[in-house]
Amino acid sequence: MNKKAIKLAAVAVIATFSLSACGSTAKPTPSPSATKNPYGAGFKVANPADSEVVLTIKGATEVNFTMGQLKALATKEITINEPFVKKVQKFNVILMKDLFKGITVPPAAKLNTLALNDYAYANTANNFFTNKAYIAVKRDGTDIPMDQGGPIRIVFADDSAYATNVDAWNWSLRTIEIK
């Protein structure tokens, strides 16, 4: 099991324990695919509304993107071999580099990507930008479910050097910090 799946499973266990420790009688219902979910044993959670902020870029200034803004920017569709499910899928994407238009990012700057479950991956801006990093907002024409790496995630084209570097594929992306 890779590091991301372990962290996501740990978050689910902690959340379940926290709910029961608070005296709550409501118990989360595991998704039917929980045992087969390559992203971990997640629970079904509603995807964010188009008006909700889902991505923050932090640097000298802070830029927030709503789900609706990202969907509007995701005008490109790519077909790639998704390494977690080991099958070909289509994603509606934004070239990561395009999100940084108007933001000064030196090529050697570190981009620290942080997921909702606190999984972090860092690399240089140059490595993300020259290796075809994309922000995916839809998979096979529909919103990416939260328990399957949504609502947004980093993906790479099949011809990228990072196509098989699963550590760089940060799912449930929430923040990109420029350092």
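Just above sits the structure.
Reading the values: rules and limits
Residues numbered from 1 in each chain as written. Predicted model: local features only at pLDDT ≥ 70, side-chain atom pairs only at ≥ 80, totals over all residues. Heavy atoms only, no water. Salt bridge = Lys/Arg side-chain N within 4 Å of Asp/Glu carboxyl O. Helix = DSSP H or I, 4+ residues; strand = E, 2+ residues; numbered from the N terminus. Buried < 20%, exposed > 50% of the residue type's maximum accessible area, 1.4 Å probe, protein only. Polar contact = N/O pair within 3.5 Å; in protein donor to acceptor, adjacent residues only side chain to side chain. Contact = heavy atoms within 4.5 Å. Core = buried A, V, L, I, M, F, W, Y, C linked by side-chain atoms within 4.5 Å. Phe/Tyr/Trp six-rings, centres within 6.5 Å; stacked < 30°, edge-to-face > 60°.

Colleague: Could you clarify how one ought to interpret the pattern of salt bridges in this entry?
Modeller: Oppositely charged side chains can form a pair if their charged atoms are brought close together. Taken as a whole and assessed by the stated rule, the structure comprises seven salt bridges. Overlapping salt bridges bring together Asp 50, Lys 71, Lys 138 and Asp 143 as one network.

Colleague: Sorry if this is basic, but what is going on with the side chain of Thr 56 here?
Modeller: Note that Thr 56 resides in strand E1 (residues 53-58). Take Thr 56: its relative accessible area is 4%, and that puts it in the buried class. In terms of polar contacts, Thr 56 uses its side chain to reach the side chain of Asn 64, at 2.6 Å. Residue contacts for Thr 56: discarding those within four places in its chain leaves Glu 62, Val 63, Asn 64, Arg 174, Thr 175 and Ile 176.

Colleague: Could you clarify how one ought to interpret the nonpolar core in this entry?
Modeller: For soluble globular proteins, nonpolar side chains are generally found buried alongside one another. With 43 residues, the main nonpolar core has Met 96, Phe 100 and Leu 111 as its most contacted residues. Ranked by residue count, the leading element in this core is strand E7 (residues 133-139), at five residues. Those residues in contact with Met 96 that sit more than four places away from it in its chain are Leu 111, Thr 113, Phe 128, Phe 129, Ala 133, Tyr 134, Ile 135, Ile 154 and Ile 176.

Colleague: What am I meant to see in the packing of aromatic side chains here?
Modeller: How two aromatic rings sit relative to each other is set out by the distance from centre to centre and by the angle between their planes. Taken as a whole and judged by the stated rule, the model has six aromatic pairs. Taken together, a centroid distance of 6.0 Å and an interplanar angle of 90° make the contact between Tyr 121 and Phe 128 edge-to-face. With a centroid separation of 5.5 Å and 25° between ring planes, the pair formed by Phe 156 and Tyr 162 is classed as stacked. No difference in accessibility class separates Phe 156 from Tyr 162, as the two residues are buried.

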